[in-house]
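Survey of secondary and tertiary structure
Here are the chains, one letter per residue:
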Amino acid sequence: MLRAEGLYFSYGDFTVENVSLTLDKGELVAIIGPNGAGKSTLLKLLFGLLKSERGKVEVDGKNIAELSPSEKAKLIGFVPQNHVPTFPFKALDFVLLGATPELGPFGAPSKKHREKAMELLRLFGLEKYAEKPYTSLSGGQIRLLLIARALMTSPRYLLLDEPTSNLDLKNSLLVLQTVKRLTKEGVGSLVVLHDPNLAGLFADRVLLMKGGRIIANGKPEEVIDERLLSEAYGVELKLIECAGERVLRPRVEV
Ligand SMILES: Nc1ncnc2c1ncn2[C@@H]1O[C@H](COP(=O)(O)OP(=O)(O)OP(=O)(O)O)[C@@H](O)[C@H]1O
């Protein structure tokens, strides 16, 4: 289990305050909430990129602050919201970078690693770009590469910050179906999403953040609630029945 207790972090004019959560293996939890709610900050605290001033984060009973970078990377696949390209690696080599925690200081990727990286490229329909500089790929394709890179070590937990941003509808669904499949195989997945309908469709549990706090935490049908979300987002939303499913629609003049 990944467990956070009483996290606190302040940038000065914004504070994540008293945040506690659990993420079980085999559970897909979506974090939703308006821009600036603190979702990315929370993910960085959970991965130990930001240090919580209070409380602690434990992964399978180990304090995240005490894990070495490679121990942490083997346990948790983290995909940040933003990626700043540094070097024009070939797409295949970029995905292979995800195997670094398994290689040791002077190790080189094995044939098995290369096969796995190719398999991940194929999964996301990117095999034809394997030898191309990844920096020449589109924003959505780079997002898929980042997810593929995070899957190289077959981590036990996934922390994905807006994995569907830049992605078209088909690739958004491909990514979420892949995460769902991995979750069913036993991975614990925490995914920041902007679309409450996708959160409701895929997640076992939904956390709603606002103002640096978790203001709701429950089953999708409890959190994807028109009054709760209308208030949280400051727009009028309506839940409608559509082909036997509940879909959230904005009520706006167009
Ligand atoms: N490095 C930083 N320095 C100062 N303030 C920051 C920094 N990063 C984020 N913030 C502030 O913290 C608040 C929360 O930001 P965060 O990125 O965690 O929100 P978010 O919920 O992920 O937003 P979005 O949905 O827009 O990605 C924002 O007000 C933001 O301006």
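Here goes a summary of the coordinates provided. (Residues numbered from 1 in each chain as written. Predicted model: local features only at pLDDT ≥ 70, side-chain atom pairs only at ≥ 80, totals over all residues.)

As for the sheet that holds strand E4 (residues 54–59)
- With antiparallel pairing, four strands are arranged side by side in an open sheet as E2-E1-E4-E5. Each edge of the sheet is formed by a strand with only one pairing partner; in this case those strands are strand E2 (15–23) and strand E5 (62–63).
- When E4 meets E5, the two strands line up antiparallel, connected through two bridges. Looking across to E5, one finds that Val59 is bridged to Lys62.
- Helix H1 (residues 39–47) contacts strand E1 (2–10), E2 and E4 of the sheet and is inclined by roughly 120° relative to E1. (Pairing = 2+ DSSP bridges. Helix = DSSP H or I, 4+ residues; strand = E, 2+ residues; numbered from the N terminus. Contact = placed C-beta atoms within 7 Å. Axes fitted to C-alpha atoms, helices over the stretch in contact; angles between N-to-C directions.)

Here we look at the site of the ligand
- Neighbouring the ligand are the residues Tyr11, Phe14, Gly33, Asn35, Gly36, Ala37, Gly38, Lys39, Ser40, Thr41 and Gln81.
- Tallied by class, the residues present in the shell around the ligand amount to three nonpolar, seven polar and one charged. (Near = placed C-beta within 6 Å. Nonpolar A, V, L, I, M, F, W, Y, C, P; charged D, E, K, R; others polar.)

Considerations on the pairing of E2
- Two elements, E1 and E2, share six bridges in a ladder whose sense is antiparallel. Looking at E2, one finds that Phe9 is bridged to Val16.
- Count of turn residues in the E1/E2 antiparallel hairpin: four residues, of which Gly12 carries a positive phi of about 115°.

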